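Structural overview for review
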Amino acid sequence: MKITLKKEDLESPLISQIERISAEDLQKCYQCGNCTGGCPVSFAMEIPPHQTMRMLQIGRTADVLAANSMWLCVGCMQCFSRCPKGCSVANVFEALRQLSLSKGVDAQRIEAMSVEFLKKAPQQAIVCGFRKFVG
């Protein structure tokens, strides 16, 4: 399958927003795979970290936003510590979460959580989870 890049894909306003919020230059990443190799949750991601960066580079933002990867990132910064170019996929995932939440897209609905879970879960876990998953 041949992927053709269009100039407007590379200069997308959404890509600019992601770069501004994350303070990352998406073009620095050359998909070495170190981030994915060190990520403790990459096995569960629909799109692994290094492929997420590539998909953003070629303008496939809709695919990236539809995947579960940004919601599963735990923010451990292992991607950053292993990256030879100093890229932080965790920062990019956080930017994607912020943009999704600002548009009203939530990964989790409060109504979907059982009362039993809310009674037993540590308060800090609930607060952190809501910050990450609910707008």
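Shown above is the structure to which this text applies.
These remarks concern the structure in this document. Note that the coordinates shown come from a computational prediction; the quantities given were computed from them, not determined experimentally.

By secondary structure assignment, the location of Ser22 is in helix α2 (residues 13–22). Taking relative accessible area as the criterion, Ser22 reaches 4% and is therefore assigned buried. Polar side-chain contacts of Ser22 include one of 2.7 Å to the backbone oxygen of Ile18. Polar side-chain contacts of Ser22 include one of 3.2 Å to the backbone nitrogen of Glu24. The residues touching Ser22, leaving out its near neighbours within four places in the chain, are Asn91, Val92 and Ala95.

Moving on to the packing of α2 against helix α8 (residues 89–102). Where α2 contacts α8, the two axes come as close as 8 Å, and the packing angle between them is 120 degrees. The angle between α2 and α8 falls in the class oblique. In the packing of α2 onto α8, the handedness of the crossing is right-handed. Contact with α2, carried on its side by Leu14, Gln17, Ile18, Ile21 and Ser22, involves Asn91, Val92, Ala95, Leu96, Gln98 and Leu99 of α8 and no other residues of that element.

What counts, and where the lines are drawn
Residues numbered from 1 in each chain as written. Predicted model: local features only at pLDDT ≥ 70, side-chain atom pairs only at ≥ 80, totals over all residues. Heavy atoms only, no water. Helix = DSSP H or I, 4+ residues; strand = E, 2+ residues; numbered from the N terminus. Buried < 20%, exposed > 50% of the residue type's maximum accessible area, 1.4 Å probe, protein only. Polar contact = N/O pair within 3.5 Å; in protein donor to acceptor, adjacent residues only side chain to side chain. Contact = heavy atoms within 4.5 Å. Axes fitted to C-alpha atoms, helices over the stretch in contact; angles between N-to-C directions. Parallel < 35°, antiparallel > 145°, perpendicular 65-115°, else oblique. Left-handed = near helix turned anticlockwise from the far one by under 90°.

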